[in-house]
Amino acid sequence: MVLATLAGMLAVYLYNRVALLAHEAVTDSVHVIYGIGGNVAVLRTDSGAVIVDTMTFPIQGRRIRELAESLGGGPTQAVINTHYHVDHTHGNPAWPAGTHIVATERTRAYLERFDRDFWQGPAAGALPNVLFSDRRDLRIGDKTIRSLYLGRGHTGGDLVVLFVEDRVLHTGDLFFNRLYPNIDLEADGSVEEWIGTLDRAKTLDFDRVIPGHGAVTDRAGIEGFQAFLRELWQLAQQAAAEGLPVERAQDVARASMTSDRGFEVVAILGILRLDRDFVVRRAWEEATGAVRPRSAPPRPGP
Ligand SMILES: [Zn+2]
């Protein structure tokens, strides 16, 4: 009886945690929605809403859709998935079949390869269906939405979205703001190439930045994250050159790394813990060539 009551309370708590969404204005036409999963952007156009990413659970998708259509000036005109991870895509089935869902060709391939079970049955209708390799512009109502593939980084298929008139960039998980990032080597991610990918992002015309995770910021936020990637890659290359085992590389990082000061750890239900040891291990695996084979399932997110 007590157990049943506790289980009931836990279920209510979890439901509320999952369903709880916060939002804030970035410009007059752009909002960000925060919740369990990647940050969602909503663009208001005079024809309706454009939405970037859909979080982790179908129930969140339904609430995001409702909220986004009220913030975004009407029915959804397009959804964009920045990359294939569950915490950016599993809300997709809340939109009706036939909705334009934009992603890179690589992201679509990763969804089908690494997350096949989820995208069976009715969910298959919510897979990205507007695919591109380098660049795709949408003109919706009075707004221009530019999706760009700028190179490898967090995965091999991430896009960034520029809301041209509003000068807002959604970077997806190519930028974690003051948080340790996931590095998905199994889906062609690369610490080494990530730095240059963000250099290309910085050439775009924007003022505000919505990161994949963490608070809205600006260009300087991206630069701080790049400084971290540079220090991480240098440390991993040095460890590889000296033939250090990963534990030694982690010791060196503990003693010397400074660019991650103030970074928070991300822990996901015991599945994944994103901390300094994690990022050093991933960079060491890339630098030494000790990456697990591509056929191994990747970590699910974020
Ligand atoms: Zn991710």
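Above this note sits the structure.
Source: prediction; values computed, not measured. (Residues numbered from 1 in each chain as written. Predicted model: local features only at pLDDT ≥ 70, side-chain atom pairs only at ≥ 80, totals over all residues. Heavy atoms only, no water.)

Novice: Tell me about the overall build of the protein chain, and please be specific about residues and values.
Specialist: Scanning the protein chain from terminus to terminus reveals eight helices and 15 strands. Here the C-alpha radius of gyration of the protein chain, 19 Å, is about what a compact globule of 302 residues would show, namely 19 Å. Projecting the C-alpha coordinates of the protein chain onto the three principal axes gives extents of approximately 60 × 60 × 35 Å. Scored against the burial criterion, the 302 residues of the protein chain give a buried share of 54%. Pairs at least 24 apart in sequence give 67% of the contacts found in the protein chain among residues at least 6 apart. With 32 positive and 38 negative side-chain charges, the protein chain shows a spacing of 1 Å between the two charge centroids. (Helix = DSSP H or I, 4+ residues; strand = E, 2+ residues; numbered from the N terminus. Rg over C-alpha atoms; globule rule 2.2 N^0.38 Å. Buried < 20%, exposed > 50% of the residue type's maximum accessible area, 1.4 Å probe, protein only. Contact = heavy atoms within 4.5 Å. Lys, Arg positive; Asp, Glu negative; His and termini not counted. Charge placed at Lys NZ, Arg CZ, Asp CG, Glu CD.)

Novice: Lay out the environment of Asp158 with the relevant residues and their values.
Specialist: The topology assignment puts Asp158 in the loop between β9 (143–149) and β10 (159–163). Between the alpha carbons of Asp158 and Tyr110 there is a distance of 11 Å; along the sequence they are 48 residues apart. In this structure, Asp158 is in contact with Thr82, His83, Leu148, Tyr149, Asp173 and Leu174, ignoring residues within four places of it in sequence. Side chain to side chain, Asp158 and Thr155 meet in a polar contact 2.5 Å long. (Polar contact = N/O pair within 3.5 Å; in protein donor to acceptor, adjacent residues only side chain to side chain.)

Novice: Can you break down the sheet that holds strand β4 (residues 48–52) residue by residue, with the values?
Specialist: If you walk across this open sheet you meet the seven strands as β1-β2-β3-β4-β5-β6-β7, and the pairing is mixed. The sheet is open, and its two edges are formed by β1 (22–25) and β7 (130–132), each paired on a single side. Each adjacent strand pair in this sheet contributes to an overall mean axis angle of 20°, direction not counted. Across three bridges, strand β6 (residues 101–104) lies against β7 in parallel orientation. The partner of Val102 across the bridge, within β7, is Val130. The strands that helix α2 (residues 58–71) touches are β1, β2 (30–34), β3 (40–45), β4 and β5 (76–80); relative to β3, the one it contacts most, it runs at about 35°. Sitting on the sheet, helix α4 (residues 105–114) is in contact with β6 and β7, with an inclination near 95° to β6. (Pairing = 2+ DSSP bridges. Axes fitted to C-alpha atoms, helices over the stretch in contact; angles between N-to-C directions.)

Novice: How would you explain helix α8 (residues 276–288) if you had to name every residue and give the values?
Specialist: Between its terminal C-alpha atoms α8 stretches 18 Å, which fits the 18 Å expected from 13 residues at 1.5 Å a residue. Among the residues making up α8, those that are buried are Phe278, Val279, Val280, Arg282, Ala283, Trp284, Glu285 and Glu286. Considering only its buried residues, α8 is in contact with α5 (191–202), α6 (219–241), α7 (246–256) and β15 (272–274). Regarding α8, its N-cap is Asp275, as a side-chain oxygen of that residue lies 3.3 Å from the backbone nitrogen of Asp277 further along. (Expected span 1.5 Å × (residues − 1).)

Novice: How would you summarise the packing of aromatic side chains if you had to cite specific residues and measurements?
Specialist: Tallying each qualifying case throughout the model produces ten aromatic pairs. Ring geometry for Tyr110 and Phe114: centres 5.9 Å apart, planes at 20°, overall stacked. Of this pair, Tyr110 and Phe114 both sit in helix α4, separated by four residues, roughly a single helical turn. Ring geometry for Phe118 against Trp119: centres 4.9 Å apart, planes inclined by 80°, an arrangement best described as edge-to-face. Judged by relative accessible area, Phe118 falls into the partly exposed class, the value being 23%. (Phe/Tyr/Trp six-rings, centres within 6.5 Å; stacked < 30°, edge-to-face > 60°.)

Taken by themselves, the reported measurements are silent on function.
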